[in-house]
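Coordinates in review
Residues per chain, in single letters:
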Amino acid sequence: DGVVLPPGLAAPHEHLPIVTGLNNTDERLHLALRLLARLRRAPVLVGHQLTAVDVSRPEQLQFVMDGEVEVRCGSEETLPNHLARLRPVLQRVARNQLAVRYIDLRFPDPVIGPKL
C-alpha cells in the first residue's frame, strides 16, 4: 500500500524517501515499492540513507543515497547485479575520499561523476 502525501518540508524525512516517476498507474507504484524494499534490504547500502527513488523510466531506475549521490541502474531485473557492482565502487570512493555527484552502473565499467 502507498499513500501520496501533500508537499511538506523541503528536505525528505529520514524514513520517507521521495518517490518520483509515478504516472498514476498501479504498475509504477508497485515498481517503486519493490525497489524501495529491495534497496532497504541491500547490504551494500547499510550505513547510507536512501533519500529518493525515481521510476519514471523503468528500464533506467535511479536512486539517491545520503541526499546527494545519484545511483543510476538498469531495470528491476538487472538491479541485483548492479547493487553487487556498487560495493567496490563505494569502497573506492571512500578510500580515495572522492566527492561524487553520481555513479552510473549501466556500463561494464561503472562511471563516477565528480561533484563540481
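For the structure, check the block above.
Treat the numbers as computed from the prediction; the structure is a model and nothing was measured.

Re the nonpolar core
Formed by 26 residues in total, the largest nonpolar core has its most connected members in Leu39, Leu45, Phe63, Val71, Leu83, Leu86 and Ile103. For this core, the secondary structure elements donating two or more residues are helix 1 (26-41), strand 2 (50-54), strand 3 (62-65), strand 4 (69-72), helix 2 (79-95) and strand 5 (100-104).

Comments concerning unusual backbone geometry
With phi around 60°, Asp66 is a residue other than glycine that occupies positive phi space. Mapped onto the elements of the fold, Asp66 is located in the loop between strand 3 and strand 4. Given a relative accessible area of 34%, Asp66 falls into the partly exposed group. Residues other than glycine seldom take positive phi values, yet Gln97 does so here, at roughly 50°. Within the fold, Gln97 resides in the loop between helix 2 and strand 5. For Gln97, a relative accessible area of 73% gives the class exposed.

Rules used throughout
- Residues numbered from 1 in each chain as written.
- Predicted model: local features only at pLDDT ≥ 70, side-chain atom pairs only at ≥ 80, totals over all residues.
- Heavy atoms only, no water.
- Core = buried A, V, L, I, M, F, W, Y, C linked by side-chain atoms within 4.5 Å.
- Buried < 20%, exposed > 50% of the residue type's maximum accessible area, 1.4 Å probe, protein only.
- Helix = DSSP H or I, 4+ residues; strand = E, 2+ residues; numbered from the N terminus.

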